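Overview (structure and organization)
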Amino acid sequence: MLSFEIPHVGTLEGISSSAAVALPGSALFEKHTKRWSKAAEKPASFIVLPACADDVSKAILFCNKYSLDLAVCGGGHATSGSSSSNGGACIDLSRMNQVTVDAEAKTITAGGGALWRDVDSEAEKYGLAAVGGTVNHTGVGGLTLGGGYGYLTPAHGLVIDNLRAVDYVLADGQVVTASDNENQDLFWAAQGAGTCFGVATSFVYRAHEQKDPVWAAMLRFEDHQLLGVVEYGNRYLEIGEEKTLLLVAFAKVPEFGEAPSLIAVLFYNGPEDVARSFYDALFQLNPAILIMSEMPYSAMNGLMNENLYHGLRRSMKGSAFTIPLELATVKKIHEDFTDFVFNHKDADLSTVVIEFYPYANMIRIPQTATAFANRGAYGNLLYIMTWTKPELDEICRGKARLWTAQVQEEFQKMRSTLYGAGKIDAVTNEAVGEYMNYDGFGSDGDKMFGVNYPRLKELKMRYDPNNLFNKGPRL
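So, a few notes on the structure that sits alongside this text. (Residues numbered from 1 in each chain as written. Predicted model: local features only at pLDDT ≥ 70, side-chain atom pairs only at ≥ 80, totals over all residues. Heavy atoms only, no water.)

1. Regarding the nonpolar core
One finds Tyr168, Phe197, Leu266 and Tyr279 to be the most contacted residues of the largest nonpolar core, which totals 118 residues. Discounting residues that sit within four places of it in the chain, Tyr168 has contacts with Leu145, Gln174, Val175, Val176, Leu186, Ala190, Gly194, Phe197, Gly198, Val199 and Ala200. (Core = buried A, V, L, I, M, F, W, Y, C linked by side-chain atoms within 4.5 Å. Buried < 20%, exposed > 50% of the residue type's maximum accessible area, 1.4 Å probe, protein only. Contact = heavy atoms within 4.5 Å.)

2. Considerations on the pattern of salt bridges
Using the criterion set out here, one finds 22 salt bridges in the structure. Residues Asp54 and Lys58 are paired through a salt bridge, measuring 2.6 Å at the closest nitrogen-oxygen approach. Residue Asp54 and its partner Lys58 are both found in helix α2 (residues 53–65); the two are separated by four residues, about one turn of the helix. Owing to a relative accessible area of 42%, Asp54 belongs among the partly exposed residues under this scheme. (Salt bridge = Lys/Arg side-chain N within 4 Å of Asp/Glu carboxyl O. Helix = DSSP H or I, 4+ residues; strand = E, 2+ residues; numbered from the N terminus.)

3. So, the pairing of strand β8 (residues 163–169)
Regular strands show a simple pattern: their side chains alternate between the two faces of the sheet. Counted residue by residue, β8 has five buried out of seven residues, so it is predominantly covered. Bridge analysis of β8 against strand β10 (residues 199–206) gives six bridges, and the strand direction is antiparallel. Residue pairing for β10: Val169 is matched across the bridge by Val199. Pairing geometry for β8 and strand β9 (residues 175–179), over five bridges, is antiparallel. Bridge pairing in β9 places Val166 opposite Ala178. (Pairing = 2+ DSSP bridges.)

4. So, the sheet that holds strand β2 (residues 46–49)
Overall, mixed pairing links the four strands, which are arranged β1-β2-β4-β3 in an open sheet. Edge positions in the sheet fall to β1 (20–22) and β3 (70–73), since each of these pairs with one other strand and no more. If you compare each strand with its neighbour and ignore which way they point, the axes differ by 20° on average. Taken together, the three bridges between β2 and strand β4 (residues 89–92) define a ladder with parallel strand orientation. When the bridges of β4 are listed, Ile47 appears paired with Cys90. Docked against the sheet, α2 engages β2, β3 and β4, running at close to 170° with respect to β4. (Axes fitted to C-alpha atoms, helices over the stretch in contact; angles between N-to-C directions.)

5. Topic: the state of the cysteines
Counted according to the given criterion, the structure contains zero disulfides. Left without a disulfide partner, Cys63 is nearest to the cysteine sulfur of Cys90, which lies 9.7 Å away. For Cys63, a relative accessible area of 2% translates into the label buried. A disulfide-free cysteine, Cys196 has its sulfur positioned 17 Å from the sulfur of Cys90, the nearest such atom. (Disulfide = S-S within 2.5 Å.)

6. Things to note about the packing of helix α6 (residues 184–193) against helix α16 (residues 453–463)
At a minimum axis separation of 11 Å, α6 and α16 run at an interaxial angle of 115°. At the point where α6 passes α16, the crossing takes the left-handed sense. Taking contact as the criterion, the partners of Asp185, Leu186, Trp188, Ala189 and Ala193 in α6 are, on α16, Arg455, Leu456, Leu459, Arg462 and Tyr463. Of the residues that constitute the contact of α6 with α16, the class distribution is seven nonpolar, no polar and three charged. (Left-handed = near helix turned anticlockwise from the far one by under 90°. Nonpolar A, V, L, I, M, F, W, Y, C, P; charged D, E, K, R; others polar.)

7. Side note on the pairing of strand β12 (residues 214–221)
The buried fraction of β12 amounts to eight of the eight residues, a majority that puts the element mostly inside the structure. Side chains of β12 alternate between two faces, with Val214, Ala216, Met218 and Arg220 and Trp215, Ala217, Leu219 and Phe221 buried alike. Bridge count between β12 and strand β15 (residues 288–295): seven bridges; the pairing is antiparallel. Among the inter-strand pairings, Met218 is bridged to a residue of β15, identified as Ile291. Bridging between β12 and strand β14 (residues 260–268) involves seven bridges; their strand directions are antiparallel. In the strand pairing of β14, Arg220 is matched with Ile263.

Structure (structure tokens):
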């Protein structure tokens, strides 16, 4: 049911000629209601497609005037539904997707509606790259404001560790820049809790030289080789090679049957001969090679797009896991997941991802240096539940919540044990063990931000006292 009288939208006519207002029933409205996950789609009363920060400001003031619920959509990847509003207003930033590169300063400026493929392709022209995500049709805004992991994270840290500045439109319509030099409190909050404080219309990132191709492989192992893969993952994190990234997954590979297959995605920022040597222990297990080649960095960020396309119902849930990862833990994850997809064939495109991120360059930064509170000497586990039937919505979401809660409980117990034994660093000890972009929206702020929660709560009262931006963790 719409909660707002459409005729009032006429007062938004002051927006620029390049902007638009989409109303229900129009093709434009239908197009911009779609999200990566169909389960996250909600019908707003209207959608504003701004072309500049001033348009965003006018839309925010309009929402304040009529006390409207407001959602902001960048890439539309959030499976929680945080980029949609049921009966309120939506600001869709897709027209603000310009990307420019300053090759001399080695910076990349991206509009709030840009996707990572826009950033990758433009930076590549100059032999540069940014720390971005691992799926290139993700929006820059959500990934950045929630922290941001990617293939270059082991070498250069999180996306927010490479963020130089953010242009924001605040809850009062004011347009400001936040950086280390101005509005420093807001810049601190933007780095991990940014969705709670305004509409980010532009980002400036530090760029890194990337003139040469990278190497990638996707390998499939037999189930009985799980021990060898897990042992390698644990050794891999001990080595901590920053030119690499290892992702292990359980996912359906049609040519190998209906059951989820054991997959490894390998990344090496260098030539094939060096990469093959580094990952030799995995190749010694004689896996099936699904993909293997040198490629541009921009292509690497599209490697997993094929299985993560738009139009299905999806939900993401995640938790940290301590190192070393126990074989028994992975076996239980595999068994529970396999049983579920066999019993719910509609969900057989779901995926479990075990992320082995070399973490040295993340934990060299104190936990309180940014609002992001998930820095730690550990890995991330992610469930990407995927289905088509609406009647499975709660079943799939509920199962992922249950599984991640079990892993989170084990993580907290193991971390306490390690801390008591003096085997854990101070940064990891303060970490929350949960990545907000893995559907942490709607969570309690103290759970998601830990030691940074009190400061964030104070800043929220300063910048958004009426909680206009209420789709993120509760502050």
